[in-house]
Amino acid sequence: MMKLALSPAAAGLLRSLLARAGVDRDRILLTEFRSTDWQSLTFMGERHEMELRVPGPDSEGLVDRLISGLAEDEFAIPGQIVADIGLERPPSRNADGSFTLQIEALTIVE
């Protein structure tokens, strides 16, 4: 099994998203995650792209809770501000009834 090494900003973002769903961590599977350094003239941070898979009979309701108001939510990540977050594309239903979410976010160092 390959172990992911996430930056503190990426790990905080993922923890916040899982907490937002209000379910046990094993109900949402991280299938892809990529972070790249980002900077402007005045800010430094990271751009994050993640893919989550939500299995189970109640997956549609869980996905709705996870994405409802996502762009407007406040995230508590020490030393970071979530400047932008949203779905890369609408959730897709898989043949097994699970859903796949692709989320993009920009975190900026406080």
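Residues numbered from 1 in each chain as written. Predicted model: local features only at pLDDT ≥ 70, side-chain atom pairs only at ≥ 80, totals over all residues. Heavy atoms only, no water.

The next subject is the nonpolar core. Judged by nonpolar contacts, the single largest core of 23 residues is most densely connected at Leu-13, Leu-17, Ile-28, Met-50, Leu-52 and Ile-85. Counting residues per element, the ones that place at least two in this core are α1 (8–21), β2 (44–54), α2 (59–67), β3 (80–93) and β4 (99–109). In terms of residue count, the dominant contributor to this core is α1 (six residues). Among all residues touching Leu-13, those that are not within four sequence positions of it are His-48, Met-50, Ile-77, Val-82, Ile-85 and Ala-105. (Core = buried A, V, L, I, M, F, W, Y, C linked by side-chain atoms within 4.5 Å. Buried < 20%, exposed > 50% of the residue type's maximum accessible area, 1.4 Å probe, protein only. Helix = DSSP H or I, 4+ residues; strand = E, 2+ residues; numbered from the N terminus. Contact = heavy atoms within 4.5 Å.)

Once that is clear, we can look at the layout of surface pockets. For the largest pocket, the calculated volume is near 230 Å³. In terms of lining, the largest pocket is formed by ten residues, of which the most central are Leu-14, Leu-18, Arg-25, Ile-28 and Leu-30. Taken together, the residues of the lining of the largest pocket break down into eight nonpolar, no polar and two charged. (1 Å grid on protein atoms, 1.4 Å probe; cavity = no way out; pocket = protein on both sides within 12 Å on 5 of 7 lines; lining within 4 Å. Points joined across faces, edges and corners; volume = space filled by probe spheres on them. Nonpolar A, V, L, I, M, F, W, Y, C, P; charged D, E, K, R; others polar.)

So, on to the environment of Ala-19. Inspection of the secondary structure assignment puts Ala-19 in helix α1. The spacing of Ala-19 and Glu-104 is 85 residues in sequence and 17 Å in space, taken between C-alpha atoms.

Over its 14 residues, α1 runs 20 Å from end to end, which matches the ideal 20 Å to within 8%, given 1.5 Å per residue. With eleven of 14 residues buried, α1 is to be regarded as a mostly interior element. Restricting attention to buried positions, one finds in α1 the residues Ala-9, Ala-10, Ala-11, Gly-12, Leu-13, Leu-14, Ser-16, Leu-17, Leu-18, Arg-20 and Ala-21. Packing partners of the buried residues in α1 comprise β1 (29–39), β2, α2, β3 and β4. (Expected span 1.5 Å × (residues − 1).)

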